[in-house]
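Each chain, letter by letter, is given below.
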Amino acid sequence: MSAIIFATIGDPTVYKEVKYSFQGKEERSNVSFLAIKKFLEPIPKTVAILGISVAEKLGCKDECTASYDQCKQCIVEKSKGFGVNADEYIVAPNILGIFKSKPDYYFSHVYYNSLKILENEKPNKIYLDTTHGINYMPILAKDALLLATSAYAARQEKEVSFGMFNSDPYVKDIEGPYEIHLTESIRVSPLAGLKYVTTQILNKDLNYFQSLKKEGVDFIKIHKIARGLDNGLFVYFADKAEEIQGLIKKFEADEKVDIKFEAGTIKLEYKDAKHALVHALLYVALRFKKEGGCLDLETLENFAKVYADKVTSTIIRNEIDRIKENADKITSEKKLLREIAKEEGEKRDFDQRILYAHGGLPYAGTYVYRSGEKICISYIADNDKTNINKIEEHM
């Protein structure tokens with residue numbers, strides 16, 4: 001699948017069939033995203049994003065008091081009767097009438113489910129049509145989809161495009177044509193995706209994540225992980241992949257929304273925005289796990305080229321060249337870089353300044369060894385985690 005278009009949908013019961021136009025072409029439809037589908041080449045997969053509160057308008061209230069699965073099925077089937085004929089549907093928790101929720105549940109639900117769709121479909125082009133979204137739906141859907149797109153681009157080591165559509169406003173009894181506008185179009189490289197994800201963590205006050213402590217999560221470490229990714233400490237994430245794989249399980253979520261019927265209201269519960277942001281961070285961090293138990297110099301050099309800014313990339317690649325100059329001294333036995341370094345100055349201990357000055361490869365904290373034909377690096381030797389713990393302190 002090379003293209004996919006997501007669309008926010010408010011109340012499909014009021015949509016009328018009208019003419020939409022784009023770049024000189026016209027199509028009739030109840031919803032703009034189906035017109036856009038015909039305008040684009042190649043034809044994209046379509047995903048409609050509906051708020052669960054539309055159940056009242058569609059006559060699905062009883063199903064929504066029974067279970068999320070029945071609620072979604074009813075909403076999807078009845079929406080089709082009003083022209084919302086998508087290839088796939090996301091039914092997210094929102095607030096309206098008897099439905100009580102939190103806005104960030106909508107955000108996180110769209111994030112988790114759109115990321116799953118991106119993983120399955122592997123598109124190169126991702127679009128969002130906000131024409132029919134209401135209240136906070138368009139902005140939260142954009143934020144959620146951009147987070148998912150960024151995480152997807154970084155994890156897949158793939159550059160993708162992200163675009164947004166919106167049409168001219170509908171006027172009662174006027175059939176159009178209503179011009180559809182491409183209001184935003186950007187490229188998301190693996191580096192841009194990584195930086196976007198880390199920024200969503202680093203631009204929040206540390207206390208924002210404090211509530212995660214109740215779930216047994218070291219919220220201070222979450223900030224450290226974001227800083228480490230942002231600064232290209234790829235060896236750390238290769239060594240810590242198993243731990244991160246365990247941690248991300250606390251932040252995973254499936255499609256189902258927890259529904260409780262209380263005193264005439266339907267209360268909706270889901271993972272909040274904190275969980276979505278941390279999930280994206282850990283999801284990207286797992287890109288750097290070792291293959292075959294070895295992070296070799298060629299893989300590290302590729303990481304530096306793809307996922308580090310120009311300055312950091314240059315520093316890392318320079319350090320790799322210095323290691324290769326000492327290749328004849330490297331054996332299957334793990335040794336600190338300072339044990340094979342030619343320069344006497346490299347034999348001193350390291351601090352935060354030295355850590356980053358050497359691109360995450362401090363000579364007093366990094367082990368080097370051979371595995372077959374490959375030269376591998378790590379912060380850990382024989383289960384001795386002294387150095388990696390020190391690295392973490394300086395992140």
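Above: the structure in question.
Rules of the game
- Here the residue numbering is sequential within each chain, running from 1 through the sequence in written order.
- For a predicted model such as this one, the threshold for reporting local features is a pLDDT of at least 70, and the threshold for listing and counting side-chain atom pairs is 80 or more; totals across whole chains, interfaces and linings nevertheless cover every residue.
- Note that water and hydrogens are dropped before the side-chain values are worked out from all heavy atoms of the structure.
- Note on conventions: DSSP H or I runs of at least 4 residues are helices, E runs of at least 2 residues are strands, and numbering of each starts at the N terminus.
- Only protein chains enter the area calculation, which uses a 1.4 Å probe; residues under 20% of their type maximum are buried, those over 50% are exposed, and those in between are partly exposed.
- Note on contacts: a residue pair is in contact if any heavy atoms of the two residues lie within 4.5 Å.
- All accessibility values rest on the Shrake-Rupley procedure with a 1.4 Å probe; residue burial counts only the protein chains present in the view.
- Between any two strands, pairing holds if DSSP finds at least two bridges.
- Patch membership requires over 30% relative accessible area and the absence of a salt bridge. Like charges are linked within 9 Å, and nonpolar side chains (Val, Leu, Ile, Met, Phe, Trp, Tyr) within 5 Å.
- We count a salt bridge whenever a side-chain nitrogen from Lys or Arg sits within 4 Å of a carboxyl oxygen from Asp or Glu.
- We score Asp and Glu as negative and Lys and Arg as positive, and we do not count His or the chain ends.
- For the purpose of locating charges, the reference atoms are NZ of Lys, CZ of Arg, CG of Asp and CD of Glu.
- Only centres within 6.5 Å qualify two rings of Phe, Tyr or Trp (six-membered ring in Trp) as a pair; their planes then separate them into stacked at under 30 degrees, edge-to-face at over 60, and tilted for everything else.
- Nonpolar core, defined: a set of buried Ala, Val, Leu, Ile, Met, Phe, Trp, Tyr and Cys residues in which side-chain atoms within 4.5 Å join the residues together.
- Every helix has an expected span of 1.5 Å times one less than the residues it contains.
- Polar contacts here mean pairs of N or O atoms no more than 3.5 Å apart (in protein, one a potential hydrogen donor and the other a potential acceptor; neighbouring residues in sequence count only if both atoms are side-chain atoms).

(A) Seen up close, the overall build of the protein. Along the backbone of the protein there are 16 helices and 15 strands. Along the longest, intermediate and shortest principal axes, the C-alpha atoms of the protein span 80 × 55 × 35 Å. Expressed as a percentage of its 395 residues, the buried residues of the protein come to 54%. For the protein, restricting intrachain contacts to residue pairs at least 6 apart in sequence, the fraction spanning at least 24 positions comes to 70%. Of the roughly 17,200 Å² that the protein leaves accessible, carbon and sulfur atoms contribute 47%.

(B) Representation of the sheet that holds strand 11 (residues 265-269). With respect to topology, three strands assemble into an open sheet ordered 6-11-10, the strand pairing being mixed. On the outer flanks of this sheet lie strand 6 (99-100) and strand 10 (258-262), each paired with one strand and no other. Direction of pairing for strand 10 relative to strand 11: antiparallel, over a ladder of five bridges. Bridge pairing in strand 11 links Glu262 to Thr265.

(C) Spotlight on unusual backbone geometry. For the bond from Gly176 to Pro177, the omega torsion is 15 degrees, close enough to zero to count as cis. Looking at the secondary structure, you find Pro177 in the loop between strand 8 (160-167) and strand 9 (178-188). With a phi angle near 45 degrees, Ala263 is a residue other than glycine that sits in the positive phi range. Within the secondary structure, Ala263 sits in the loop between strand 10 and strand 11. With phi around 50 degrees, Asp382 is a residue other than glycine that occupies positive phi space.

(D) Spotlight on a negative patch on the surface. A grouping of Glu333, Glu339, Asp382 and Asp384 is seen on the molecular surface, where their side chains present a negatively charged patch. Here Asp384 shows up in the loop between strand 15 (374-378) and helix 16 (386-394).

(E) Structural view of the pattern of salt bridges. In total, this model carries 27 salt bridges according to the counting rule given. Salt-bridge contacts for Glu17 lead to Arg28; the nearest nitrogen and oxygen are separated by 3.0 Å. In this pair, Glu17 is assigned in the loop between strand 1 (3-9) and strand 2 (18-22) and Arg28 in strand 3 (residues 25-29), connecting sequence segments 11 residues apart. Three or more residues are tied together by salt bridges with common partners; here these are Glu17, Lys19, Arg28 and Glu175.

(F) Quick peek at the packing of aromatic side chains. Applying the stated criterion across every chain yields a total of 15 aromatic pairs. Seen in terms of ring centroids, Tyr127 and Phe165 are 5.3 Å apart; in terms of plane orientation they differ by 40 degrees. Their pairing is tilted. In this pair, Tyr127 is assigned in strand 7 (residues 125-132) and Phe165 in strand 8, connecting sequence segments 38 residues apart. In terms of burial, Tyr127 and Phe165 fall into one category: buried. Feature note: the residues Phe22, Phe39, Tyr127 and Phe165 constitute an aromatic cluster, connected by ring pairs.

(G) Fine view of the nonpolar core. Residues Phe6, Phe33, Ile52, Ile75, Tyr111, Ile126 and Phe237 are the most contacted members of the largest nonpolar core, which totals 137 residues. It is helix 6 (residues 137-156) that provides the largest number of residues to this core, a total of 12 residues. The contact partners of Ile75, leaving out residues within four places of it in the chain, are Leu50, Ile52, Val54, Ala55, Leu58, Cys60, Cys64 and Val91.

(H) Spotlight on helix 11 (residues 273-285). Between its first and last C-alpha, helix 11 extends 19 Å over 13 residues, near the 18 Å set by a 1.5 Å rise per residue. With 13 of its 13 residues buried, helix 11 lies for the most part within the structure. Among the residues of helix 11, the N-terminal cap falls to Asp272, whose side-chain oxygen and the backbone nitrogen of Lys274 are separated by 3.2 Å.

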